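Chain by chain, the residues run as shown.
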Amino acid sequence: MDTLSLNALTVGRSARVAEVRADPAMRRRLLDIGLIPGTRVTCVARSPAGDPCAYLIRGAVIALRQRDASGIRLEELPRSVETEAQALWD
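Everything numeric in this text was worked out from a predicted model, so none of it was measured.

Some words on helix α1 (residues 24-32)
Turning to α1, its buried residues are Met 26, Leu 30 and Leu 31. On an axial view of α1, the arc spanned by its buried residues comes to 135 degrees, and they lie on one face. Of the exposed residues in α1, the ones pointing more than 90 degrees away from its buried face are Pro 24 and Asp 32. Following α1 by one or two positions, Gly 34 adopts a phi angle in the positive range, close to 105 degrees.

With respect to the pattern of salt bridges
Summed over all chains, the structure comprises three salt bridges. A salt bridge links Glu 76 to Arg 13; its shortest N-O distance comes to 3.2 Å. Placement of Glu 76 in strand β6 (residues 72-76) and of Arg 13 in the loop between β1 (3-5) and β2 (14-20) is noted, with a sequence separation of 63 residues between them. Taking relative accessible area as the criterion, Glu 76 reaches 29% and is therefore assigned partly exposed. Taking relative accessible area as the criterion, Arg 13 reaches 21% and is therefore assigned partly exposed. The residue Arg 28 makes a salt bridge to Asp 32 at a minimum N-O spacing of 3.1 Å. You can see Arg 28 and its partner Asp 32 sitting in helix α1, four residues apart, about one turn around the helix. For Asp 32, a relative accessible area of 55% gives the class exposed.

Notes on the sheet that holds strand β5 (residues 60-64)
Taken in spatial order, the six strands line up as β1-β6-β2-β3-β4-β5 in an open sheet, and their pairing is antiparallel. Only two strands of the sheet have a single neighbouring strand rather than two, namely β1 and β5. The average undirected angle you get between the axes of adjacent strands in this sheet is 45 degrees.

Cut-offs applied
Residues numbered from 1 in each chain as written. Predicted model: local features only at pLDDT ≥ 70, side-chain atom pairs only at ≥ 80, totals over all residues. Heavy atoms only, no water. Buried < 20%, exposed > 50% of the residue type's maximum accessible area, 1.4 Å probe, protein only. Helix = DSSP H or I, 4+ residues; strand = E, 2+ residues; numbered from the N terminus. Arc of directions from axis to C-beta. Salt bridge = Lys/Arg side-chain N within 4 Å of Asp/Glu carboxyl O. Pairing = 2+ DSSP bridges. Axes fitted to C-alpha atoms, helices over the stretch in contact; angles between N-to-C directions.

See below:
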């Protein structure tokens, strides 16, 4: 399965968290907001300057800076699952 980092996820795309890499304090914060392996994440918006981005995580929209999102590795979802996630958002 292909992997990418969270900061590479484009608006409207979804993927599942595979791994969270960050310094201990940031890793704890990311895990606390629900970014644990297996969680579906959807990029819902990008600021005009491109940083930060807003992500739908477990029903909440969370804004993350690119540098914080870069350590989160994702597994791409099949298109049918991604379409289903988009329908829930719309």
